[in-house]
Amino acid sequence: MFKTDIVIIGSGIAALSVANALCGNGKKVTIITKGKKSSSNSSLAQGGIAVALSENDNFNMHYDDTLEAGCYQNNSESVMTLVSKAPEVIKEFIKSGMKFDTDEKGNLLFGKEGAHHISRIIHAGGDRTGLKVMEELFSQINKNVIINEDEMVLELRVKGNECGGVITRGKDGRINCYEANHTILATGGIGQLYPCTSNDITITGDGLAMAYRAGLPISSPEFVQFHPTMLNINGKTMGLVSEAVRGDGGILINQDGIRIMEGKHPLKDLAPRDIVSRVVYDHYLKGDKIYLDISHIENFKERFPYVSEICDKNGVDLNKNIIPVRPGAHFHMGGIKAEPNGKTEINGLYVVGEAACTGVHGANRLASNSLLEGLVFGKLTAENIIDSDRRVLHFDDEFSEAGVGVLPLKREIQSKMMEFIGIVRYKNKIPEIIKWFEKYIPKGTDKPFGKINFNKIDNERMEIYNMLTAGYLIANAAFDRSESIGAHYIIDKE
């Protein structure tokens with residue numbers, strides 16, 4: 001048994017935002033991550049941070065754009081909390097040492113991305129914003145924070161309506177039990193449920209599955225955002241091509257040089273991501289090759305060093321001014337129901353970042369609101385915990401004896417998800433994947449894909465079980481929502 005004030009599962013921007021605020025207040029924090037501490041979507045994020053800091057912008061305009069992109073399915077109070085607190089949070093971050101890109105006079109540079117009606121995106125290192133932000137956050141961690149790498153959280157320690165920590169398995173195979181006054185899920189989304197994704201290899205829906213098993217409500221899991229421009233090399237995804245490329249003048253074309261977004265939306269190539277993804281995907285299914293024409297962007301390699309790096313690495317000649325792209329799973333708007341301050345329906349258990357569904361993104365996330373969410377709501381979660389005097393009482397854990405049978409390969413789950421719960425869904429076909437998932441429901445669990453005896457399976461199979469759980473939840477929610485809205489595009493019959 002290990003004891004700590006706060007245990008955080010995950011090591012992305014939301015996790016570190018919480019950890020930094022807590023450790024600065026003398027709290028003892030343990031961060032547990034199943035990969036390396038840098039294994040997060042945050043470190044991979046090329047896009048910037050949306051914030052109303054320019055002279056011709058204000059948070060009410062940011063609020064309007066967020067609601068419009070989210071198809072007005074957002075929780076308006078959550079949105080207002082995010083955008084109104086964002087300017088001060090970013091100013092404090094800059095004051096603490098974070099350096100964003102500026103002009104020669106030291107003024108912040110503002111870029112434009114999809115569904116924004118004004119340039120309000122700040123970047124760091126060009127298209128390395130996520131990496132630069134994470135480097136700064138890691139540098140600010142003090143001795144009150146312990147980071148345990150290569151350790152997988154298997155289950156939340158929940159009894160009744162109280163959470164008392166987590167149960168994990170380290171790389172040595174040993175089961176560990178952590179007792180904590182406060183437990184925070186910051187596990188990211190579900191990108192690896194799909195064959196083509198921008199997400200880190202570790203992002204397999206673990207937090208969503210664990211929260212479901214613990215009894216927390218899952219909100220709007222059907223809303224899965226696909227990014228329209230993943231680098232596509234011979235049908236394989238080799239990385240993300242930032243939306244900022246289109247913000248700077250990149251144009252989507254087919255093999256004949258025809259602009260594919262003409263007449264599809266007033267914002268054309270900068271339309272909301274769900275719309276652009278569907279157009280690109282439609283061409284892809286027809287056998288067309290889709291490219292980003294970058295001929296209108298000056299100093300491309302200086303402006304987009306990371307995109308240039310992955311293109312060079314994969315044999316894309318940028319002198320030809322075209323980059324081959326296709327859509328891929330990018331962000332989960334749905335997730336574990338939580339408030340902006342991380343609070344859930346279980347005492348002592350909080351959720352923050354992409355794992356959480358506060359309603360801030362609605363049916364479709366506005367570009368560059370994700371890193372912002374991690375910073376702002378991470379800070380609010382920390383403040384909520386700092387003000388709490390909760391002390392967990394030791395309780396005996398209850399373990400399930402249910403065992404799993406034969407499980408599918410990860411690539412089978414990914415293929416099924418893309419076919420049935422991808423960019424376009426067909427109402428009459430979704431029951432097929434639900435039945436497929438049901439084949440793998442263990443006997444003896446308290447509910448479908450409930451708690452199991454994790455001693456009988458290794459971490460790899462536990463990951464697959466979590467993927468099945470998350471996929472099952474997404475598929476059922478997709479079937480229940482019969483109308484198309486935002487990232488959930490459904491057709492009655494194929």
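Residues numbered from 1 in each chain as written. Predicted model: local features only at pLDDT ≥ 70, side-chain atom pairs only at ≥ 80, totals over all residues. Heavy atoms only, no water.

Attention now moves to the overall build of the chain. Scanning the chain for helices and strands turns up 14 helices and 19 strands. Here the C-alpha atoms of the chain give a radius of gyration of 22 Å, agreeing with the 23 Å that 2.2 N^0.38 yields for 494 residues. Across its three principal directions, the C-alpha atoms of the chain cover 65 × 55 × 40 Å. Buried residues in the chain amount to 61% of all 494 residues. Restricting to contacts in the chain with at least 6 residues of sequence separation, those with at least 24 account for 74%. Counting every atom, the chain has about 19,600 Å² of accessible surface; 47% of that belongs to carbon and sulfur. For the chain, the distance from the average position of its 57 positive side-chain charges to the average position of its 63 negative side-chain charges is 4 Å. (Helix = DSSP H or I, 4+ residues; strand = E, 2+ residues; numbered from the N terminus. Rg over C-alpha atoms; globule rule 2.2 N^0.38 Å. Buried < 20%, exposed > 50% of the residue type's maximum accessible area, 1.4 Å probe, protein only. Contact = heavy atoms within 4.5 Å. Areas by Shrake-Rupley, 256 points an atom, 1.4 Å probe, with all protein chains shown as cover. Lys, Arg positive; Asp, Glu negative; His and termini not counted. Charge placed at Lys NZ, Arg CZ, Asp CG, Glu CD.)

Side-chain alternation along strand E13 (residues 290-293) places Ile 290 and Leu 292 on one buried face and Tyr 291 and Asp 293 on a second face that is also buried. Taken together, the four bridges between strand E12 (residues 251-254) and E13 define a ladder with antiparallel strand orientation. Looking at the pairing, Leu 252 lines up with Leu 292 of E13. Pairing geometry for E13 and strand E14 (residues 322-332), over three bridges, is antiparallel. Its bridge partner being in E14, Tyr 291 is matched across the sheet by Pro 324. (Pairing = 2+ DSSP bridges.)

The strand order across the open sheet built from three strands is E9-E15-E17, with neighbouring strands paired in mixed fashion. At either margin of the open sheet sits one strand with a lone partner, and together these are strand E9 (218-219) and strand E17 (356-357). As defined by bridge partners, strand E15 (residues 335-337) adjoins E17 across two bridges and the pair is classed as parallel. The residue bridging Ile 336 from the neighbouring strand is Ala 356, located in E17. Lying over the sheet, helix H6 (residues 206-214) contacts E9 and E15, oriented at roughly 40° with respect to E15. (Axes fitted to C-alpha atoms, helices over the stretch in contact; angles between N-to-C directions.)

The phi dihedral of Lys 268 falls on the positive side, at around 50°, and the residue is not glycine. Along the chain, Lys 268 turns up in the loop between E12 and helix H8 (273-285). Even without being a glycine, Asn 321 presents a positive backbone phi close to 65°. Within the element layout of this structure, Asn 321 appears in the loop between helix H10 (305-313) and E14.

A few words on the side chain of His 62. Along the chain, His 62 turns up in helix H3 (residues 59-69). Apart from residues no more than four positions distant in its own chain, His 62 is found in contact with Ala 50, Val 51, Ala 52, Val 83, Arg 120, Leu 366, Asn 369 and Leu 372.

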